[in-house]
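# Analysis of the macromolecular model
What follows is the residue order along each chain.
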Amino acid sequence: MDRRTFCKTLAGATGITLAPLRRSGWAASAPSGNGKRLVVVMLRGAVDGLSVVVPYGDPSYYRARTAIAIAPPGNAGGALDLDGHFGLHPALAPLLPLWQQGTLAFVHASGSPDATRSHFDAQDYMESGTPGRKSTPDGWMNRLIGVLPGPHAPTTAVSLGAVLPRVLSGPNAVANLPAGPSAVRPAALDRPEVSAAFDRLYAGDDRIATAYQEGRSARREMLSDLAEEMQAADNGGAAPAGFPQEAGRLATLVRRDANLRLAFVSLGGWDTHVNQGGAQGQLANHLRPLGEGLAGLAQGLGPELANTLIVVMSEFGRTVRQNGNGGTDHGHGNAMWVLGGGVAGRRIYGEWPGLADASLYQGRDLAVTTDFRLVLARALERHLRLTDTQVQAVLPGLPAGGQALSGLLTA
Amino acid sequence: MNARRLGTPALCALALLAAGIAHAAALTPEQQALHVLNRLGYGPRPGDVAAVVAMGVGRYIEQQLAPERTPEPEQLRQRLAALDTLPMSAAALFDQYGPPAVRPVKDDPEARKAVERRARIITEQAGEARFLRALESPRQLEEVMVDFWFNHFNVYAGKGLDRIWSGNYEREAIRPYVLGRFRDLLGATAKHPAMLFYLDNWRSTAPGIVIGRGNNKAEGLNENYARELMELHTLGVDGGYTQADVVALARILTGWGFNRQLLARGTATPFYFDAQRHDFGDKVFLGRAVSGRGIAEGEWALDVLAAHPATARHVSFQLAQYFVADNPPLGLVDRMARRFLDTQGDMREVLRTLFSSPEFWDAANAGAKFKTPYHYVLSTLRAADVPVANFRPVFGVLAQLGMPLYGCPTPDGYKNTEAAWLNPDAMTRRINFATAVASGRLPLDRVPDPSDDRGMGGAPLQRAAEVPGRGSGSAAPGAVDPELLRRTLGNQFSAKTLDAIASAPPALRAAMILGSPEFMRF
C-alpha cells in the first residue's frame, strides 16, 4: 500500500483525512541540524534514587533501611548487580540488557545545589535550569530550541502531556501531544471541511496566520507519524494505559519525524512517604512500567537510538533513613539516568560520597556531588554539539566542574 | 446598563474623559463601545454594544469605575451562594481540608488521597465564582482588575497549603481592594497566609534561631518574599534596590507568618506575628536606618514601598501594558505614575488617567492586543451567550491552553502579551475550542457528576470532540447562530474574513467568527 492509499484507508476507518505532507515523514529524509535528539524524562515527586541504583556494598544503606532496602544481588528479590558495589532495582530488569550493551549509565549523587525540599521549588529550578532563581521566565529546553543549529520546524520540540511544562515554556514554539489515548483522538481541525474553512481564513503571512499554519502542519506531521498506531488501536482494542504506550508513541514520532529534536515527558507518583515497599510494592509497581517503557523506547528507536540521548531526572532524592511509615521523606541527592547514543555506559559516574552519618547532607540525605546542570551541559556540548556560548545561553550560571563525568559521552 | 445613578463628581470626571475621547475621532461610536467592552471587560454579550453606544462610552467608564453603585444581579448572587466553600475563612478551610483533616488518615494512602481529592472542590468553586462573575456581572472592570491584581500578587494553588487558600486569598486580599488604594492591597496580600506560605516568609527566622521540627523546621532567613515584594509587587526589577536591601527587608519581615496551632483551633485571625522569629537587630533599608521594634518595622517598610516613585512607575507600566499595548507608550506611563503619587496610590484615579488618555483611544491600539487564553475563553462564552452549568470543560480548556486558573507556579503571574501566548499549538487549540462552543458540543449545560473527581485539569475538550466525526452539515441543538453573533460583535471584521466566512458551510460560520483572527485580538 502506498502512502496515499494508506491515508485514504485510514480516513475511511477513522473519519480523519491526512493531507499529503510537504516533507516526507514516511520515507527516510535528511535530518535537520545534525540529526541528534534529546529526550528528557522527568520523574515528578522525587524518586528514591537509593532504590533505583542501590548501594548494596555500603553497610550504612542496610542500617538505615531495615524494612525497605533492596537485598544484595543473589538474594530473593535482590538487586541486579551493576558493578560490584551498586545494583539495579529488580523491577528495572528490562533495562539490564542496555546496561550490559553499554548504552546505559547513571550519575549518582547528582542533583540541584539548592537546598529546598519543596517539590514545587525544586521542580521549578530543575526546569528553569536556574536553581535558586525564581524569576527566570522560561524553561531551559525552550532556550535550547532557540540555540539549536539547523532549520526549525513545528515539531522541533514536542511535549507529551496536556499542559505545557515549565521546562518547555518560553518564546519558542513547542508542539504538544496530549498523553494517553486522547493523543490521536480527532479534534475539530482534523475534519477536512473545518480545516479547509480555517485554512482560508488564515491564508495570510502575518504573525497570527503563520502561527496557525505551523500549528496545522505540526498536527498533521504527528498524526501521520502515529497513523499506524491509531489504526492498531482502532482495530485491536484498548491497550493498557501507561508509560510503555507513551514511550512507544514517542519512539514512533522520533523515528518518523526527522525534524523532531527535543522531547519531554513527565511521570508522577514517586512521592513515597508511606509504604514505599522494597523489591515489591508501591515503588516497584511504578518502576516496572518505567523500565519497560524506556526499554521499549530504546528498542522502538532502532538505529535512531544512536542519535538519541535519553536523560531521566527527578527534583531531589529521598532521605537515607526510612521513616516511621515504611516510606522515605524529601531528601537531596539522587541518581540521573543517561541512556542512548554516545553514552559510554555500563558505568556509574559521579563521586560517591557514601552513606556514613558524617557524609550525609544535613545529617540525613545523600549529598549532591554533581550538579544536574553539569550533566545537561555535557549532553548539550557532546551530544547536541553546542558551543560554550550556546550552552551558557541555555544554562546561565553553569558552575565549573564535572570531572567525574569525564568519558560519559563520546563526542 | 444603568447610567441613572451617576453623581456630580462623576460628571466632572466625564468632562475629563471627554478630553481623551476626543482623540478617538478615528473610531466610530460603535468601535468606541466595542473598545471599552473589550478592554474594561471580557467583550460584548448580545446587545451590549448598542447599550454602550446609547449611554456613551464616558458614562460607561464612570459606571465601571464605581462598581459599588451597580449591584450584582440576583441570579448571579444565587449561583454564588450555592458554592459552599466560597465564604469559608482561611482557618475553617485549614481545619476542614488541611492538615487537621489529613492527620487522622495519614498512614492510609487511599484515605489520604480521598481527603486531598475532596480539597480540590475549594479551588474549583473559587474558579467557578470567578467565571460566573466574569461572564455575568455588569461590574466588568472589577473582574478585569481581579485578574490583573491576582497576577500581580500571584500565588499558586499547586503548592502545599495554597491548595486550600488561593480562593480565600482572592476573596479577602485582592477583591475588596482592586479599585482602592495600593497600600491597602499591598498590606492585605502581605498578611494573607496564602502569600506568606507561597513565598516562604512564614519560615523565615532571624539568623541563629532554630524553631520547629522535621519538615517544618525553620532555620535562618528566607529572602523569597522580600525579593519578590520589591522586584514584582512594588519597585520593579530596575527599581534601584540592592541585594543588601533584600536581606534588610527579609530581616524586617521575620516573624510575619501564621500559626498552625492557632489556625487549627479556628480561633485566630490567619495572620500571626511571631516575635520569637523576629530579628530585633537594627537594619538599613533603602538608605534609611531602621531600629529593631517588631511588627511596626514591616508596616513602615510597606508604607515606604507603596509610596515610592519606582512603585508608581512599575505599577503604571504594568497597567498600561495590560490595558493599552504590549509596549506601552512611556508618556502615558509617566502621567499615570504622577497621578499615582499625587493621589497616594488611588487606583481609581490612576485608571481614570489611563482611560481618558489619547493613547488608550488611539485607533492603532484598538483591537491590537492578543487575547490571553483566559480572555479568549471568557469572551467566547460571553459573545456566544451560552449558559454554563458545568465549568469543568472550560477549566480543562484553559489548562490545555497553558493558563489553568490559580495554576501559575511562578510569582510573576501570567503574562498578557502576544509574545507569551501566540504560538502554533495555541492557535489550533483555540480554534478547536471555538468550533466546539459554536456547534454546541461542549458539555457545558450538564451538571458535573459529583463522583467524577478529575477536577480542573481534566481533558474534557477531547471528550467533547469525540462526537464530531458526524460532519458539519446539520446544526446540532445548542449551536450558535452566526447572524446573532455578528450583531453581538459589531462590525470589526476585515473584508477577507467576511469573505472566508461567507464561503464556508453555514454550520461552520459561527465557529469561524469565534476562531477568526479579529476575535483572537481585542
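All figures in this text were calculated on a predicted structure; none of them were measured in a lab.

## Some words on helix H3 (residues 48–55) of chain B
When we look at burial in H3 of chain B, the residues that qualify are Asp48, Val49 and Val52 of chain B. Relative to the axis of H3 of chain B, the buried residues are bounded by an arc of 100 degrees and lie together on one face.

## What about the environment of Leu141 of chain B?
Tracing the backbone through its elements, the reader meets Leu141 of chain B in helix H9 (residues 140–152). Sequence separation between Leu141 of chain B and Leu40 of chain B is 101 residues; the distance between their C-alpha atoms is 4.9 Å.

## Focus: the interface of chain B and chain A
Taken together, the contacts link 42 residues of chain B with 46 residues of chain A. Elements with a minimum of two residues in the side of chain B that touches chain A: helix H13 (224–233), helix H22 (392–400), helix H24 (424–438), helix H25 (460–465), helix H27 (495–502), helix H28 (506–514) and helix H29 (517–520) of chain B. A per-element tally of the side of chain B that touches chain A places H24 of chain B first, with eight residues. A per-class count over the side of chain B that touches chain A returns 20 nonpolar, 16 polar and six charged.

## Digging into the sheet that holds strand E4 (residues 87–88) of chain A
Either a parallel or an antiparallel arrangement is found when strands of a sheet pair, and the pairing is made through backbone hydrogen bonds. All names here are of chain A. Across the sheet, three strands lie side by side as E2-E4-E3; this open sheet has antiparallel pairing. Two strands in the sheet have a free side with no partner beyond their single neighbour: strand E2 (53–54) and strand E3 (80–81). Bridging between E3 and E4 involves two bridges; their strand directions are antiparallel. Bridge pairing in E4 links Leu80 to Leu88.

## Quick word on the nonpolar core
Counting residues in each nonpolar core, the largest one holds 264 residues, and the members touching the most others are Met336 of chain A together with Leu249 of chain B. Those residues in contact with Leu249 of chain B that lie beyond four places of it in its chain are Ala226, Leu229, Met230, Phe285 and Ala301 of chain B.

## Re the pairing of strand E9 (residues 308–314) of chain A
Residues and elements named next belong to chain A. Burial within E9 is extensive, with seven of its seven residues counted as buried. Taking every second residue as pointing to the same face, both faces of E9 are buried, with Thr308, Ile310, Val312 and Ser314 on one and Leu309, Val311 and Met313 on the other. Sheet analysis places strand E1 (residues 37–43) next to E9, joined by seven bridges and oriented parallel. Along E9, the bridge assignment pairs Leu38 with Leu309. Bridge analysis of E9 against strand E10 (residues 334–340) gives four bridges, and the strand direction is antiparallel. Along E10, the bridge assignment pairs Val312 with Trp337.

Cut-offs and rules
- Residues numbered from 1 in each chain as written.
- Chains lettered and ligands numbered in written order.
- Predicted model: local features only at pLDDT ≥ 70, side-chain atom pairs only at ≥ 80, totals over all residues.
- Buried ≥ 20, exposed ≤ 12 C-beta atoms within 10 Å, placed from the backbone.
- Helix = DSSP H or I, 4+ residues; strand = E, 2+ residues; numbered from the N terminus.
- Arc of directions from axis to C-beta.
- Contact = placed C-beta atoms within 7 Å.
- Nonpolar A, V, L, I, M, F, W, Y, C, P; charged D, E, K, R; others polar.
- Pairing = 2+ DSSP bridges.
- Core = buried A, V, L, I, M, F, W, Y, C linked by C-beta atoms within 7 Å.

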